[in-house]
Structure formats: C-alpha cells, structure tokens
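Notes for the structure review
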Amino acid sequence: MKTKSVICSMISSKKDKIINDPIYGFITLDGGIITKLIDHPYFQRLRRISQLGLSYLVYPGANHSRFQHAIGCMHLMTKAIHQIRKKGHSISEKESEALKIAILLHDIGHGPFSHALENSIATGLSHEDISVLFMKKLNNEFNGKLSLAIKIFNNTQNIENTENDNESNKAADKIITKNIVFCLSENENVLNPYSVTR
C-alpha cells in the first residue's frame, strides 16, 4: 500500500495537462515548470496579442494569438525531440525541457499587434531582445531553472548573470512594465471594428 501511495503522489506532483489546440488538436503539456510558465501572467498576456497583427481587419477569420502560436511551437518541438531521439541521438531530459522552454517563450516579448507595432512600444529593441529580458526575469523568479533555455535561445555557451546587475534589472523592469501595461490597456481595441466599446 505504501508503494502505491508514493507512486500516486509522484504522478500527481507532475500533473500533465491536455489542451485542445486549434491547429494540432489535443496537446499534452508537461507538468512542472512548463505548466508553471504557461500559467504565469507574463505568458498569459500572449492570449491577447494577435499572431497575425492587423490581418483580421481584412480577413475576419485571421484570429490566432501568440499564446496559441507558442503552444503549437512547443508541441512541434516535443515531436522533433522525439524524432531525434528515435534516430539514436542523445538528448537529456534537462536539454529536452530547456528546448521546450526556449521555444515556448521565444515570442514572449511581443507587444500588441506583433510585428505591426513592434517599434512603437520600445524603440531600438526587437521582440527577441524583450523576450530575453522576460526570460531573465522569469529565470530569477524560478531560481535559475531557465538558464539552459536562455543559452539555447541566445545560441550561446554562457549567459550573463543579471541577478546582481542593477542596471540590467532596472532596464528589464521598465521595458517589461511598459509592455505589460500597453498590452493590458484598451489600446488593442482601438482598431478593432468589432469592439463593443468603441
């Protein structure tokens, strides 16, 4: 009986989730840090950011969010990892998790309407630069668990440690705050012809 309760507690601590993706159908999301990142407000804001920019103004059916895009990308990465392993290549569980985190967060720095207004929020910074700032903030919050994912995202061997770098933290806070405030404001509805609050 004791063994059964230990196994049940191990299974319930991970808690994989299944979601119905509009493109790929049912997708299993790994429990642990993956679901914690998806549940984080930084990631949840992607639900309100258009993947296709202003395309919906011409094509009303062109409604796809950065949230859906990121989940789909992680699903494809999971399939790629499986295929690479199947061909005999070694990918550790730590590397697998880092790859999934890197692809999940690759567009977290996008603001409203994606590329269409990219330089309106933070001039001189691309969404990739802002994504790295978000990742570093999340890495601090998750006690360094995103370090390998950041290395993969940056395609580098070493990442700079921003935990004690006050100037980097201040810049990151300013950009992230500006990005989140802009995304949470009603600015995204300004050009929406279907908005009831015009």
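Our structure is the block above this text.
Report on the accompanying structure. Just so it is clear, the structure is predicted and the values come from calculations on it, not from any experiment.

Focus on the overall build of the chain
Each helix and strand counted, the chain has nine helices and two strands in total. What you see in the chain, going N to C, is helices and strands ordered as α-β-β-α-α-α-α-α-α-α-α. Put simply, the chain has 198 residues, and 39% of those count as buried. Contacts in the chain between residues at least 24 apart in sequence constitute 60% of all its contacts with a sequence separation of at least 6. When the accessible area of the chain is evaluated, it comes to approximately 11900 Å², of which 55% is carbon and sulfur surface.

A short note on the pattern of salt bridges
A side chain of one charge can pair with a side chain of the opposite charge if their charged atoms are brought near each other. All told, the structure shown has three salt bridges when counted by the stated rule. One salt bridge connects K100 with D30, and the closest N-O pair in it is separated by 2.6 Å. Here D30 lies in the loop between β2 (25–29) and α2 (33–39) and K100 lies in helix α5 (residues 93–104), a separation of 70 residues in the sequence. Its salt-bridge partner being R85, residue E93 comes within 3.2 Å of it at the nearest N-O pair. E93 gets classed as exposed once you look at its relative accessible area, which sits at 58%. For R85, a relative accessible area of 30% gives the class partly exposed.

Section: unusual backbone geometry
Here the phi dihedral of N143 falls at roughly 55°; this positive angle occurs in a residue that is not glycine. Secondary-structure assignment places N143 in the loop between α7 (127–141) and α8 (147–154). Assessed through its relative accessible area of 69%, N143 is described here as exposed.

Looking at the environment of H127
Tracing the backbone through its elements, the reader meets H127 in helix α7. Given the relative accessible area of 6%, H127 is considered buried. Along the backbone, H127 and I108 are 19 residues apart, and their C-alpha atoms lie at a distance of 7.8 Å.

Here's the deal with the packing of aromatic side chains
Across all of its chains, the model carries two aromatic pairs by this definition. Here the aromatic rings of Y42 and F134 are separated by 5.0 Å at their centres, their planes lie at 75°, and the arrangement is edge-to-face. With Y42 in helix α3 (residues 41–44) and F134 in helix α7, the pair connects residues that are 92 residues apart, well separated along the chain. Across this residue pair, the class does not change: Y42 and F134 are buried.

Quick notes on the pairing of β2
For strand β1 (residues 17–21) and β2, the ladder comprises five bridges, and the chain directions are antiparallel. Bridging across to β2, D21 finds its partner in G25. The hairpin formed by β1 and β2 contains three residues between the paired strands.

What about the packing of α7 against α8?
Axis separation between α7 and α8 bottoms out at 10 Å; the angle between their running directions is 165°. Classified by the angle their axes make, α7 and α8 are roughly antiparallel. Once α7 is placed against α8, the crossing between them reads as left-handed. For the pair α7 and α8, contact is made by E128, S131, V132, M135, K136 and N139 and by S147, I150, F153 and N154, respectively. For the contact of α7 with α8, the per-class residue count stands at four nonpolar, four polar and two charged.

Re the side chain of D107
Take D107: it is sitting in the loop between α5 and α6 (118–121). Looking at D107, its side chain comes within polar contact range of the side chain of H69, at 3.2 Å. In this structure D107 touches L46, R66, H69, H127 and S131, once residues within four positions along its chain are discounted.

Calculation notes
Residues numbered from 1 in each chain as written. Predicted model: local features only at pLDDT ≥ 70, side-chain atom pairs only at ≥ 80, totals over all residues. Heavy atoms only, no water. Helix = DSSP H or I, 4+ residues; strand = E, 2+ residues; numbered from the N terminus. Buried < 20%, exposed > 50% of the residue type's maximum accessible area, 1.4 Å probe, protein only. Contact = heavy atoms within 4.5 Å. Areas by Shrake-Rupley, 256 points an atom, 1.4 Å probe, with all protein chains shown as cover. Salt bridge = Lys/Arg side-chain N within 4 Å of Asp/Glu carboxyl O. Phe/Tyr/Trp six-rings, centres within 6.5 Å; stacked < 30°, edge-to-face > 60°. Pairing = 2+ DSSP bridges. Axes fitted to C-alpha atoms, helices over the stretch in contact; angles between N-to-C directions. Parallel < 35°, antiparallel > 145°, perpendicular 65-115°, else oblique. Left-handed = near helix turned anticlockwise from the far one by under 90°. Nonpolar A, V, L, I, M, F, W, Y, C, P; charged D, E, K, R; others polar. Polar contact = N/O pair within 3.5 Å; in protein donor to acceptor, adjacent residues only side chain to side chain.

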